[in-house]
Amino acid sequence: MAFAIGQRVTGRITGIQPYGAFVSLGGHRQGLIHISECHCGYVKDIHDYLKVNQEVNVVVLDVDEYTGKISLSIRCLEHVEHGAELSEHQHRHYWTNHRVNIGFKPIADHLEGWKAEALRQLDQSETS
């Protein structure tokens, strides 16, 4: 199954660490609910909110196209249940984008100019 940002899915908690909970999404796919995304407000201990084998409804926050990691949120659904609209301002913004595939090309395009500028500045500082 392909996952999309904003999609609501159901999974089962398979493990809990101090930083978050791992969720089985079926088909050998797994996601992570970061501790900051498991509940609105400050969470001192994630075990107060989530348990292993608990079934959870989550929203897909991000799918990293390179590593395949899936970031999940329960907090976004809490906003919806309380009457608020789900918007990208209610959770972290991720910078991966499967539509933009430029990689390191901008760096490669500017590298020679940056090197030349650095050498010019180095020469100027040595002559001063």
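Residues numbered from 1 in each chain as written. Predicted model: local features only at pLDDT ≥ 70, side-chain atom pairs only at ≥ 80, totals over all residues. Heavy atoms only, no water.

Let us look at the state of the cysteines. Under the criterion given, the structure shown has zero disulfides. Summary of cysteine pairing: Cys38 is not part of a disulfide, and the nearest cysteine sulfur, belonging to Cys40, is at 9.7 Å. Cysteine Cys76 is unpaired, with the sulfur of Cys40 as its nearest cysteine sulfur at 8.3 Å. (Disulfide = S-S within 2.5 Å.)

Here the focus is the sheet that holds strand β2 (residues 20-26). Taken together, five strands build a closed barrel; the order of strands is β1-β2-β3-β5-β4 and the barrel is mixed. Averaged over all neighbouring strand pairs, the angle between strand axes comes to 50°, with direction disregarded. Here strand β1 (residues 8-17) pairs with strand β4 (residues 55-63) via five bridges, running antiparallel. Note on β4: the bridge partner recorded for Val9 is Val58. (Pairing = 2+ DSSP bridges. Helix = DSSP H or I, 4+ residues; strand = E, 2+ residues; numbered from the N terminus. Axes fitted to C-alpha atoms, helices over the stretch in contact; angles between N-to-C directions.)

Our next topic: the packing of aromatic side chains. In total, this model carries one aromatic pair according to the counting rule given. Taken together, a centroid distance of 6.2 Å and an interplanar angle of 90° make the contact between Tyr19 and Phe22 edge-to-face. Note on Phe22: relative accessible area 24%, which makes it partly exposed. (Phe/Tyr/Trp six-rings, centres within 6.5 Å; stacked < 30°, edge-to-face > 60°. Buried < 20%, exposed > 50% of the residue type's maximum accessible area, 1.4 Å probe, protein only.)

This brings us to the environment of Gly41. Note that Gly41 resides in the loop between β3 (29-34) and β4. In the structure, Gly41 is positioned 34 residues away from Arg75 in sequence and 9.0 Å away in space, judged by C-alpha atoms.

As a further point, take the environment of Leu32. With respect to the helices and strands, the residue Leu32 is situated in strand β3. Using a relative accessible area of 24% as the deciding quantity, one classes Leu32 as partly exposed. The spacing of Leu32 and Ile70 is 38 residues in sequence and 6.4 Å in space, taken between C-alpha atoms. Residue contacts for Leu32: discarding those within four places in its chain leaves Tyr19, Gly20, Ala21, Phe22, Ile70, Ser71 and Leu72. (Contact = heavy atoms within 4.5 Å.)

What follows is about the confidence of the model for the protein. For the protein, per-residue confidence averages 83 on the pLDDT scale, and 80% of positions sit at 70 or higher. When pLDDT is averaged over each helix and strand of the protein, the minimum, 73, is found for helix α1 (residues 75-81) and the maximum, 94, for β1. In the predicted structure, residues 86-90 sits below a pLDDT of 50 and forms eight contacts with residues beyond four places in sequence or in another chain. (pLDDT = per-residue confidence, 0-100.)

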